[in-house]
Amino acid sequence: MPTSPAATAAAPDVRSSDLTPLLLVHAGLVLAGGLSLALPRPAQGWGVLATVLAYVIALQVAARRSGRADLAALAAFLVPVSVFQVLPDWVLADLIGTLRFPDTGGLRVDDVIPVAMAGMWVAPLFIAVALAGGRPGRAALLSAVVFLGAEIAAPALGLWEPTGDTTRWAGVAIYVVPAEAALGWATAVAFTATRRLGAWPRVGAALAVSTFYLGALVLAHFLIDVAGWRITG
């Protein structure tokens, strides 16, 4: 049966999909990130900020050139998510006291958090949600794995480190792992629900993701590190 022109136009052209630009962008991120982290302070902080900004811009271009509309939409959605992620980090660092960002140079928010963190969440969330195919359950699992690796490496790289009285494994504060799994789940759900909506609903969904993540962090920290689990009378 012949295919109508309308159906042909609506169907995605899988043959036009080329993930090479995306692979090159992430290879560039690893290379530029390594070079930036090798710089002395305060050049290190400025280098990390420049690397993050370049990556976020390059990812937008590469996602569009890949021919995958879903990945291009995901890359765009993750920008406001990453910007709003400064808020949970700020609460952990300045209110709860379980997180610290060493001053390696560059711009900082309230002298607490590097501005670079406003874009640093894009890469791990893009990898987790994209590899999960947008499926929330898989995104949660992959997010936990990806962020666990980041949490292990971050203190040695001088990006951030856990502080305060928290239960830890391999230097990682355990409470962040279930919260970051919840972040992957929430990101996939919010992206799917708002992908075809306007800009403001997507920005609102991004803020909701970060708010949900903050709640998951506080709850996990309370259950793992604070609650005594005693029944008293």
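As shown above, the structure is provided for reference.
Residues numbered from 1 in each chain as written. Predicted model: local features only at pLDDT ≥ 70, side-chain atom pairs only at ≥ 80, totals over all residues. Heavy atoms only, no water.

For this particular structure, what's the right way to read the packing of helix α7 (residues 122-131) against helix α8 (residues 136-157)?
Each pair of packed helices can be described by the angle between their axes along with the distance between the axes. Closest axis-to-axis distance for the α7/α8 pair is 8 Å, and the angle between their directions is 145°. Pair α7 / α8 crosses with right-handed handedness. Between α7 and α8, the contacting residues are Pro124, Leu125, Ile127, Ala128, Val129 and Leu131 on the first element and Ala139, Leu142, Ser143, Val146 and Phe147 on the second. (Axes fitted to C-alpha atoms, helices over the stretch in contact; angles between N-to-C directions. Helix = DSSP H or I, 4+ residues; strand = E, 2+ residues; numbered from the N terminus. Left-handed = near helix turned anticlockwise from the far one by under 90°. Contact = heavy atoms within 4.5 Å.)

Sorry if this is basic, but what is going on with the packing of helix α4 (residues 69-84) against helix α5 (residues 86-96) here?
Packing of α4 against α5 brings their axes to within 4 Å, and their N-to-C directions diverge by 15°. Overall, the two elements α4 and α5 adopt an arrangement that is roughly parallel. Contacts between α4 and α5 involve Ser82, Val83 and Phe84 on the former and, on the latter, Val86, Leu87 and Pro88. (Parallel < 35°, antiparallel > 145°, perpendicular 65-115°, else oblique.)

Looking at this structure, I do not really get the nonpolar core. What am I missing?
Buried together is how nonpolar side chains tend to be arranged in soluble globular proteins. In this structure, Tyr55, Phe77, Phe126 and Trp160 are the most contacted members of the largest nonpolar core, which totals 56 residues. When neighbours within four sequence positions are excluded, Tyr55 is seen to be in contact with Val25, His26, Leu29, Val122, Ala123 and Phe126. (Core = buried A, V, L, I, M, F, W, Y, C linked by side-chain atoms within 4.5 Å. Buried < 20%, exposed > 50% of the residue type's maximum accessible area, 1.4 Å probe, protein only.)

Looking at this structure, I do not really get the pattern of salt bridges. What am I missing?
In this structure the tally under the stated criterion is three salt bridges. Among the salt bridges present, the one from Asp70 reaches Arg68, with a minimum N-O distance of 2.8 Å. The class for Asp70 is partly exposed, based on a relative accessible area of 26%. A residue is classified by how much of its surface remains accessible, and Arg68, at 30% relative accessible area, is partly exposed. In this structure, the salt-bridge partner of Arg100 is Glu161, at a minimum N-O distance of 2.5 Å. Note that Arg100 is positioned in strand β1 (residues 99-100) and Glu161 in strand β4 (residues 161-162), a separation of 61 residues in sequence. We classify Arg100 as partly exposed; its relative accessible area is 39%. (Salt bridge = Lys/Arg side-chain N within 4 Å of Asp/Glu carboxyl O.)

Would you explain unusual backbone geometry in this entry?
Glycine aside, a negative phi is what most residues show, and trans is what most peptide bonds show. In this structure, the amide linkage connecting Arg41 to the following residue, Pro42, adopts the cis form with an omega of 5°. Within the secondary structure, Pro42 sits in the loop between α2 (20-37) and α3 (43-65). In this model, Asp110 sits at a positive phi of 55°, which is unusual for a non-glycine residue. Note that Asp110 resides in the loop between β2 (108-109) and β3 (113-114). In this structure, Ala170 is a non-glycine residue whose phi angle is positive, near 55°. Looking at the element boundaries, Ala170 is found in the loop between β5 (168-169) and β6 (172-173).

Looking at this structure, I do not really get the environment of Ala206. What am I missing?
Along the chain, the position of Ala206 falls in helix α10 (residues 199-226). Look at Ala206 and you get buried, because its relative accessible area is 0%. Through-space distance from the C-alpha of Ala206 to that of His221 is 23 Å; in sequence the pair is 15 residues apart. Setting aside chain neighbours within four positions, we find Ala206 in contact with Phe77, Pro80, Val81 and Phe84.

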